Structure formats: C-alpha cells, structure tokens
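Fold and geometry: a report
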There are 2 protein chains.
Amino acid sequence: MPFSATEENYIKAIYALTHSLGVEHANTNQLSSRLNNKAASVSDMLQRLFEKKLIDYKKYHGVKLTKKGFSVAIQIVRKHRLWEVFLVEKLNFKWDEVHEIAEQLEHIQSEELVKRLDKFLHFPKHDPHGDPIPDIKGIVHELKQVELNTCKVKNKMIFSGVKLHTKEFLQHISNLGLKLREKIEIIHITDFDGLIEVKINSNKKTIHIGSKTASHILVELL
Amino acid sequence: MPFSATEENYIKAIYALTHSLGVEHANTNQLSSRLNNKAASVSDMLQRLFEKKLIDYKKYHGVKLTKKGFSVAIQIVRKHRLWEVFLVEKLNFKWDEVHEIAEQLEHIQSEELVKRLDKFLHFPKHDPHGDPIPDIKGIVHELKQVELNTCKVKNKMIFSGVKLHTKEFLQHISNLGLKLREKIEIIHITDFDGLIEVKINSNKKTIHIGSKTASHILVELL
DNA sequence: ACAAATATTTAGGATAACCTAAATTTTGAT
DNA sequence: ATCAAAATTTAGGTTATCCTAAATATTTGT
Ligand SMILES: [Mn+2]
Ligand SMILES: [Mn+2]
Ligand SMILES: [Mn+2]
Ligand SMILES: [Mn+2]
C-alpha cells in the first residue's frame, strides 16, 4: 500500500485541520482551501480515500482519519519535520526556507531512509519551528506551551514554537533576534497596547514584541 | 518549466541509452524495455517530449536529446549521484542499497538544495559506484578507465568503477573485499580461464577475480 | 417552520500517462 | 527487388486527479 503524493497530501491536510483546530472532523471546504483544489475535486477524492479505508466519511458531514489514515498522517509529518531539521542543521537553510522543499521530501518512500535520517540527526525532538517530531512508533510528545501574550511580567520561559509558519512571520521573528529554544524573560508589558519587552538571556539588549506577534509565539514556562 | 518525474525519467533513459552505448539515437523499443512501458506508450510520450523541445524526433527513426533535453538529463544525473553519495557517506547505506532511493530523490526540485548538498558533501567527484558527478555547470569529468580484464600482470591501478549496477554484482564485489578507489595490483593471470589474482594494497591477502567479473570492473592505470 | 444562503455532491469533461490491438513503416534475408 | 519479420505508430480505452456547472443537502435568520 504505497499511497500517491496526492493521497498523502489529503491525509496530511485532514490531520492538520483536525489537529490544529482540535476538532473531530474536517470538512470539504476547509480541505478545498487548504489544498487549493475545488470542493468538487475534494468530494471526489474523499470517496476514494474512504474506499481505501483511510478516512471515515459520511456525505455532507465531514471526514475523520481512521486508525490507518492517522498512522499514515503521522509518518508523513515525521518525515516532513525530520527533513526540515536536516535542511536547517546540515545544509544551513534558514527556518523560513525549508517548508516547500520538505513538502517534496516528505513523500520519499523508504522506511530505512527515515530511520537513518533520524539517527543521523541524533533523534531530534522538534523541527526548526518547534513542532514535535513523532517518534518511530508514531508517538507525538507535545510540549506544554502557552502563547507569549498570555504571560506575565517577570515570567521566565523558553521560546519553543510558532503558531504561524509564513515566510514573512518567520523572518520577522528572526529579525527580532529570537532563536528557538532560547531562554527569555518578560521585562515589561505596556498596558495600553500589550507591547511586550523581552530580555533574551544570551543578549544584553531587550527587544519589543507587538501583541499580535506575541500571540503567534509559543513558550514553555520555567 | 518544471518537468514531471515521468518526463524526467524518459529524458534520463534517453541520456543513459545514448551515452552508455555511445550512439546518437535511442529507439522506441530500447526505451520501452528500460522504462518497463509498452512501446506504444513510449511513442506517445516521445511526441509530447518533442513538443516540449526536449528531444529531436523523426517518426520511426529514434530520438536524440536537444540541448535543453541534454541539460535536463545532466541535472538529474547530478542529483541522483549526489544523493547516492549522501546516502552512503552520511547515512551509512551500502553501495548496493542506494539506487532505488536516489531514483526518488533525483526528482526533488530545488536548485539551492542541490548546491548545498554538493557543498555539504565536499563537492564529490564521483558517486559510490565510481560514476562521475556532473559539476554545477553540467560538465562531466570522465575518468580514463579500462576494464580490469584488459590489464596485464604487474599493472598497478586504482579500482574506480563498475559497469554493472545490479545488487547482486555490487554485493559480489563487496564480498571480494574490493572497495572503490583502492589501489590494487595484478599478481597473476591464469591463461586458461582468465582468472585474475589481485593484491589489494591495504591488505596482506590476495583475492581472485573471475574474468566475467573482471570485465565489469573499471580501473585507472597508474 | 421555511426560504435564502451556504456547503457539498453529482454530472460531464479535460489531461497525463498508461494499455491492447490494429495499422503502418522499416529492415533484412533471399 | 520483394516480402515476411521486426519495429513503431495510431486508434481506442482506462485510471487518477482535476475542473465547471448543475443538482441537492444542510444551515441559518426570521
Ligand atoms: Mn513545514
Ligand atoms: Mn516545520
Ligand atoms: Mn543509481
Ligand atoms: Mn550510482
């Protein structure tokens, strides 16, 4: 049962939608817009994924991954994130440059390759954007993260993820001087507009983070 | 102009056939058997490759890559061989395990990725089977190699390539204890059956190579 | 509860890449 | 030079994946 890249992308999209929204079912229009396909095409494909027992599907009522579909999804996510680590750690790509390439690499079929890549990278726990890498069993170890804009003055924390993955946002974060897994501390929060002043442990200077930006930044409280 | 993996495989097959046989044109049946497609399908695709100006094609008279087709072919070969180096050097695959994976990886589209991979691997000149890796300009630096079975007693040489790439043959060579780029010397050749006794520079013992095997081994004379 | 708005599916088609069978062209042996 | 064999192309079909337009189901506002 090797699945086509197209099928894998549908599965991954269903996973991403249900997982990130924390809901049971994904619906046709959501998939249509995420995959840049027309809703009619999505309907079409959903029937086929249903026949292959990758999804539970009742017409007009959205879809949900089966056990099998879920495990396929996790493996693709695992590959995607491992390749992103490779691109950043070994080939020195920036974190905003790797997604499109990983979109291709995630469809390479070879279990042994993934195993060895994982080992070569020293079994990383998260990708360059802080997202957890499912282990070989498919278990995802989620971090206890909160959004930076929910934190209080004097809180110490580790910058551990982002909720937005656009090139522009990622570059914005880089320009601020923030790097993943760095220890930071909130120095001050402006009441009026929620502007957050943050000290980066490794730096002397502080930086200022707008509240919209802060809402897309995930941290682990210490 | 991104080409499909299918188109790329046709281009690569035309390149391989004309290059390895040292002829101008590849014909439909050769492509059919190399690509495991029916001749009718090949005919079909050839028309499309012609329209895309990747090949010169006159019905019934075989095909030849255009400048453009040639440059596409070289880039795919370059990617295939760089990935093979990566798999062997970095992920510790054996030289008989990498071809199928590289067949997939060679279709990943990103010039920057290839550039960086090349650098990461320290600009290797040849792949794990001794085949030359086209440089970034697409120039192939072919080695002056001869088949081992054409060499004479006392000749000193470097084992630098193989003419057969099947898993069985590659494993056979490994089992003999031969490693690419090792210095070897012919100690004795049995007149009757052409059996060659070879000393491997790095070893104490000598090994015996049958003449059929020897005919698939390429060496650089010193 | 019901009509309008929204979401989804179905119908009918297109394209890429295959295939089998039939037609056509080239080749090669007399 | 001729004609059968071999090679190749054409004709007609299939499947996966996508699309537009039309039909249908669900949701929502009153
Ligand atoms: Mn990504
Ligand atoms: Mn990522
Ligand atoms: Mn290969
Ligand atoms: Mn090779």
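I will try to describe carefully the structure that is included in this document.

Basis of the calculations
Residues numbered from 1 in each chain as written. Chains lettered and ligands numbered in written order. Predicted model: local features only at pLDDT ≥ 70, side-chain atom pairs only at ≥ 80, totals over all residues. Heavy atoms only, no water. Donors = N, O, S within 2.8 Å, 3.2 Å for Na, K, Ca; no water. Helix = DSSP H or I, 4+ residues; strand = E, 2+ residues; numbered from the N terminus. Pairing = 2+ DSSP bridges. Least-squares fit on C-alpha atoms with pLDDT ≥ 70 in both. Contact = heavy atoms within 4.5 Å. Polar contact = N/O pair within 3.5 Å; in protein donor to acceptor, adjacent residues only side chain to side chain.

**Topic: the coordination of the manganese ion (ligand 2)**
Residues and elements named next belong to chain A. Protein coordination of the manganese ion (ligand 2) is provided by Glu84 (OE), Asp127 (OD) and His129 (ND1), with donor distances spanning 2.1 to 2.3 Å. For the manganese ion (ligand 2), all donor residues lie on one chain, and their spacing in sequence is E-x42-D-x1-H. The metal-metal distance between the manganese ion (ligand 2) and the manganese ion (ligand 1) comes to 3.5 Å, with Glu84 coordinating both. Here His129 lies in the loop between α6 (111–120) and β3 (146–147) and Glu84 lies in helix α4 (residues 67–90), a separation of 45 residues in the sequence.

**Thoughts on the sheet that holds strand β4 (residues 156–162) of chain B**
Adjacent strands of a sheet pair through backbone hydrogen bonds, lying either parallel or antiparallel. Residues and elements named next belong to chain B. Reading across the sheet, the 6 strands line up as β3-β8-β4-β5-β6-β7 and stay open at both edges, with antiparallel pairing between neighbours. Two strands close off the open sheet at either side, each with one partner strand: β3 (146–147) and β7 (206–209). Sheet topology note: the strand β5 (residues 183–189)/strand β6 (residues 196–200) ladder contains 5 bridges and is antiparallel. Bridging from a neighbouring strand, Ile189 pairs with Ile196 of β6.

**Overview of the relation of the copies chain A and chain B**
Of the transformation superimposing chain A on chain B, the axial component is 0.0 Å and the angular component is 180°, with the fit at an RMSD of 0.1 Å. Here the symmetry operator amounts to a two-fold rotation axis. Using C-alpha coordinates, one finds that chain A approaches the rotation axis most closely at A:Leu105, a distance of 3.8 Å. By residue overlap, the copies meet face to face through one surface: 100% of the interface positions of chain A are interface positions in chain B.

**Quick look at the coordination of the manganese ion (ligand 3)**
Residues and elements named next belong to chain B. Looking at the manganese ion (ligand 3), the protein donor atoms are His80 (NE2), Glu84 (OE) and His99 (ND1), and they sit 2.0 to 2.1 Å from it. Along the chain, the residues donating to the manganese ion (ligand 3) are arranged with the sequence spacing H-x3-E-x14-H. Between the manganese ion (ligand 3) and the manganese ion (ligand 4), both coordinated by Glu84, there is a metal-metal distance of 3.5 Å. Of this pair, His80 sits in helix α4 (residues 67–90) while His99 sits in helix α5 (residues 99–105), and the two are 19 residues apart along the sequence.

**Here we look at the side chain of B:Thr18**
Residues and elements named next belong to chain B. One can find Thr18 in helix α1 (residues 5–21). Among the polar contacts listed, one links the side chain of Thr18 to the backbone oxygen of Ile14, at a separation of 2.9 Å. At 3.2 Å, the side chain of Thr18 forms a polar contact with the backbone oxygen of Tyr15. Aside from chain neighbours lying at most four places away, what touches Thr18 is Val23, Glu24, His25 and Ala26.

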